[in-house]
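# A closer look at the structure
What follows is the residue order along each chain.
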Amino acid sequence: MSDIRFTDKPLSEWMRSSAADSEIVISSRVRVARNVQSFPFPMLATDQQSRAVLDKVTEVLQFDDIHQFGSFHVLNLNELSDLDQEILVEKHLISPNLANESRNGAVILSEDESISIMVNEEDHLRIQCLYPGFQVQEAWKRASAIDDVFEAHIDYSFDDRRGYLTSCPTNVGTGVRASVMMHLPALVMTKQIGRVLTAVSQVGLAVRGIYGEGSEATGNLFQISNQITLGQTEAEIIDNLYSVVLQIIGHERNARERLMTDSKLRIADRVMRSYGILSHAYLMDSKEAAQRISDIRLGIDLDLIREKTIVEMNELNVLIQPGFLQKKFGRTLESGERDMYRAQLIREFFHKE
Ligand SMILES: Nc1ncnc2c1ncn2[C@@H]1O[C@H](COP(=O)(O)OP(=O)(O)OP(=O)(O)O)[C@@H](O)[C@H]1O
């Protein structure tokens, strides 16, 4: 039986700690894609082959060297309900792909959920490390150290010229994607966001929405990551992302300061309007909720709101997702019903001490 405690709480333990620049960078992530030599990539593997890959990967958890990273729990996807799988997606711990399409798919989670290793997703292994705030270098160091442990026990598919081989050509080479989840409301409000994001893509970085590839950037949340994995070292990938993100943080800070100098009343009105609506509305769709939570985040940073914290807003962002709502209210909810229950949950959240 898989351990379901990971789907009981909306906020992963790692998100509770405070971190540098967390009023703008919500979280940093590094994921490493690896494959086991002599086995077909997951999409071509038979049931027996993907089972053998899963066994090989989970065997590594028996060795002492992995325990320097704490204890791990293996969750087999076929033992989880659809709802629990949806919640793991909402917490960014697995991809929709693993939930919907994998054969012998599993996720290995550390106690605080900062390490999540997907098995038999697009690649045999996707090692992901998450950190709060702007800590992309720390996330890389840890992902790389975990990768070293797996590499000591498993022969990876590796080509001397091309590097690590992956199922999708876009990941060949280092197999590394580093990203930050940024909250950029002031750049959106001052209409500078288009220019900034165009510049970001010109320096080889990708901009995605809150749930990764193909998802929309709701709530002024943008995921920025490296696009290139071949022809650059891991250190270059991380350094490039780091310096670009540092500049975006600077632009967002300037825009926030300018808004407070030029239009303080307008901003305060907007923030407090959202506070009022979130605290009292009876219907709330997810898009409006994301936008208004974004206003509250901004209000907290600008010291217009003192009753709530950024960590609480991170928690609320997960709580209002469809999977969590259905878990909390104990049944399948249609879209219209979800708007009603979402509003109820948000009201309660804002009225609790
Ligand atoms: N910095 C971050 N903080 C929190 N979650 C993140 C961050 N970056 C990505 N994620 C989450 O990780 C999941 C996967 O994202 P995405 O599809 O962009 O990456 P990927 O699976 O590594 O990429 P791909 O397979 O397309 O190369 C999504 O749920 C996304 O929201």
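By convention here, each chain's residues receive numbers from 1 onward along its written sequence. Whole-chain, interface and lining totals are the exception, using all residues; otherwise, since this is a predicted model, local features are given only for residues with pLDDT of at least 70 and side-chain atom pairs are given and counted only at 80 or more. Note that water and hydrogens are dropped before the side-chain values are worked out from all heavy atoms of the structure.

Going by an unreviewed UniProt entry, the protein carries the name Protein-arginine kinase and comes from Paenibacillus gallinarum. UniProt positions are given in the numbering used here, feature names are shortened, and annotations may be inferred rather than shown by experiment. The UniProt entry for the protein carries the following text under Catalytic activity (unreviewed entry): "L-arginyl-[protein] + ATP = N(omega)-phospho-L-arginyl-[protein] + ADP + H(+)". For the record of the protein, the UniProt heading Sequence similarities (unreviewed entry) holds the text "Belongs to the ATP:guanido phosphotransferase family."

### A look at helix 9 (residues 286–301)
Every α-helical turn comprises 3.6 residues, leaving residues that sit three or four positions apart pointing alike. Only DSSP runs of H or I with at least four residues qualify as helices, and only runs of E with at least two residues qualify as strands; both kinds are numbered from the N terminus onward. Working rule for helices: expected span equals 1.5 Å times residues minus one. Helix length check: helix 9 (16 residues) gives 23 Å between terminal C-alpha atoms against 22 Å at 1.5 Å per residue, within 8%. Taken residue by residue, helix 9 has Ala289, Ala290, Ile293, Ser294, Asp295, Ile296, Arg297, Leu298, Gly299 and Ile300 as its buried positions. Polar contact is the term for a pair of N or O atoms within 3.5 Å; when the atoms are in protein, one must be able to donate a hydrogen and the other to accept it, and sequence-neighboring residues count only if both atoms are side-chain atoms. With a side-chain oxygen lying 3.2 Å from the backbone nitrogen of lysine 287, the N-terminal cap of helix 9 falls on aspartate 285. Where helix 9 ends, the next residue or the one after it, aspartate 303, has phi of about 65 degrees, a positive value. Using a 1.4 Å probe on the protein chains alone, a residue whose accessible area is under 20% of its type maximum counts as buried, one over 50% counts as exposed, and one in between counts as partly exposed.

### Points about the pattern of salt bridges
By convention in these notes, a salt bridge is any Lys or Arg side-chain nitrogen within 4 Å of a carboxyl oxygen on Asp or Glu. In the structure shown here, the tally under the stated rule is 17 salt bridges. Of the charged contacts, one joins aspartate 159 and arginine 162 as a salt bridge, the two residues approaching to 3.5 Å between their closest N and O atoms. Here the salt bridges do not stand alone but share partners, grouping Asp21, Glu23 and Arg253 into one network.

### Here we look at the pairing of strand 8 (residues 176–183)
Of all eight residues in strand 8, eight are buried; the element is thus mostly enclosed. Across the two faces of strand 8 the burial is the same, with Val176, Ala178, Val180 and Met182 and Arg177, Ser179, Met181 and His183 all buried. By the convention used here, strands pair only if DSSP detects at least 2 bridges between them. Taken together, the seven bridges between strand 1 (residues 25–34) and strand 8 define a ladder with antiparallel strand orientation. By the bridge assignment for strand 8, arginine 29 is matched with serine 179. As paired strands, strand 8 and strand 10 (residues 221–226) are joined by five bridges and run antiparallel to one another. For methionine 182, the partnering residue across the bridge sits in strand 10 and is phenylalanine 222.

### Quick look at helix 7 (residues 234–262)
Between its first and last C-alpha atoms helix 7 spans 42 Å; for 29 residues at 1.5 Å apiece the expected length is 42 Å, and the two agree. Among the residues of helix 7, those classed as buried are Ile237, Ile238, Leu241, Val244, Val245, Ile248, Ile249, Glu252, Ala255, Arg256 and Leu259.

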